[in-house]
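# Close look at the chain arrangement
So the chains spell out like this:
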Amino acid sequence: EQFQIALAQPETDRIYLEAFAFSRGKLCQALSDIAGQVHADGKECYLALPHIFRMQTAGWYTKNWQQISGAGADGYLIRNLEELAFLKQMGVPAMQIHGDSNLYVFSNEAVRGFKDLSLCHYTLPAELNAKELQKLNCAGGEMILYGYQPMMLSAQCLHKNTEGCDRTERVFYLKDRCGKLFPVKNHCEDCYNIIYNITPLSLLHQFCQIQALHPGS
């Protein structure tokens, strides 16, 4: 629902398309259609790979890589080192690989370590404050300004443990001792859950301070 709205913003340079937004059988066609619209608007389209990349998942991507790589993505957002190794094996150039925030670049030493692994583009950690970010080279990183952040990835499926597995994706909620409800989204094809924070990260009111850090985007 948010795609056309995000695409219409003149400040938007790149759209990330979550692979889990579509069933695997429809992913290549959806990526091709959306990448075409993004390119027509003069912007980039990246495919965001799953948060967990088991051998079964890697096998599917390997089998269908020719169609995926030909669907028009300008690059890939990775969530783990397995995906970095996979993309390097598939011959994807380092310039087309971007690390998500859970590939934790918390120091300049970590930045250099990831560069040694051919990961030069990264997402700045949401856990660091302004003083800590000033010590980092923010110019090479993207900063998240707004969004519901994943708190935990779990292979213990809330849906399966409470109602049984019917391979239907939906949002459930975990209630803590204070009565707060945490959204849980199950991703059946890769068989894991994402537990999200109850409140979104929002740095929009600190935009001037963020500009002073000079993040890449």
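Attention shifts here to the state of the cysteines. One pass over the full model with this rule turns up 0 disulfides. In this structure C120 is not part of a disulfide, and its nearest cysteine sulfur, from C138, lies 16 Å away. When its relative accessible area of 30% is taken as the criterion, C120 is described as partly exposed.

A word on the environment of C138. Checked against the element boundaries, C138 lands in the loop between helix 7 (130–134) and strand 6 (141–142). Leaving out residues up to four positions away in the same chain, C138 has contacts with L124, L133, L213, H214, P215 and G216.

What follows concerns the pairing of strand 3 (residues 75–78). Of the two faces of strand 3, both are covered, the one formed by G75 and L77 as well as the one formed by Y76 and I78. Two strands pair when backbone bridges link them, and strand 2 (residues 44–48) and strand 3 are joined in this way by 3 bridges, in the parallel orientation. Bridging from a neighbouring strand, L47 pairs with Y76 of strand 3.

Spanning 17 residues, helix 2 (residues 24–40) covers 25 Å between terminal C-alpha atoms, matching the ideal 24 Å at 1.5 Å per step. The largest bend along helix 2 reaches roughly 25° and is located at A30. Taken together, the buried positions of helix 2 are occupied by R24, L27, C28, A30, L31, I34, A35 and V38. Against the buried residues of helix 2 lie helix 1 (3–8), strand 1 (14–18), strand 2, helix 3 (55–63) and helix 4 (65–69). Just downstream of helix 2 lies G42, where phi reads positive at about 75°.

To continue, consider the environment of A139. Its location among the elements puts A139 in the loop between helix 7 and strand 6. Relative accessible area serves as the criterion here: at 52%, A139 is assigned to the exposed category. A139 sits 79 residues away from W60 along the chain, and the two C-alpha atoms are 35 Å apart.

Our next topic: the nonpolar core. Counting residues in hydrophobic clusters, the biggest one holds 44 residues, and the most contacted among them are L47, Y61, I78, L87 and L133. Here the element with the most residues in this core is helix 2; it accounts for 6 residues. In terms of nonpolar packing, the next biggest core, distinct from the first, is built from 5 residues, L158, F172, V184 and I195 among them.

What counts, and where the lines are drawn
- Counting from 1, residues in each chain are numbered in the order their sequence is written.
- Since the coordinates come from a predicted model, pLDDT governs what is reported: local features require at least 70, and pairs of side-chain atoms require 80 or more to be given and counted, while whole-chain, interface and lining totals use all residues.
- Note that water and hydrogens are dropped before the side-chain values are worked out from all heavy atoms of the structure.
- Put simply, a disulfide is two cysteine sulfurs that come within 2.5 Å.
- Only protein chains enter the calculation, and the probe is 1.4 Å; a residue is then buried if its accessible area is under 20% of its type maximum, exposed if over 50%, and partly exposed in between.
- Secondary structure elements are taken from DSSP: a helix is a run of H or I of four residues or more, a strand is a run of E of two residues or more, and numbering for both begins at the N terminus.
- Here, two residues are considered to be in contact whenever any of their heavy atoms come within 4.5 Å of each other.
- The pairing criterion is simple: DSSP has to find at least two bridges between the two strands.
- Expected span of a helix, by definition, is 1.5 Å for each gap between consecutive residues, and there is one gap fewer than residues.
- At any given residue, the bend is defined as the angle formed between two axes, one fitted to the seven residues that end at that position and one fitted to the seven that begin there.
- Among buried residues, the Ala, Val, Leu, Ile, Met, Phe, Trp, Tyr and Cys ones that are joined through side-chain atoms within 4.5 Å form a nonpolar core.

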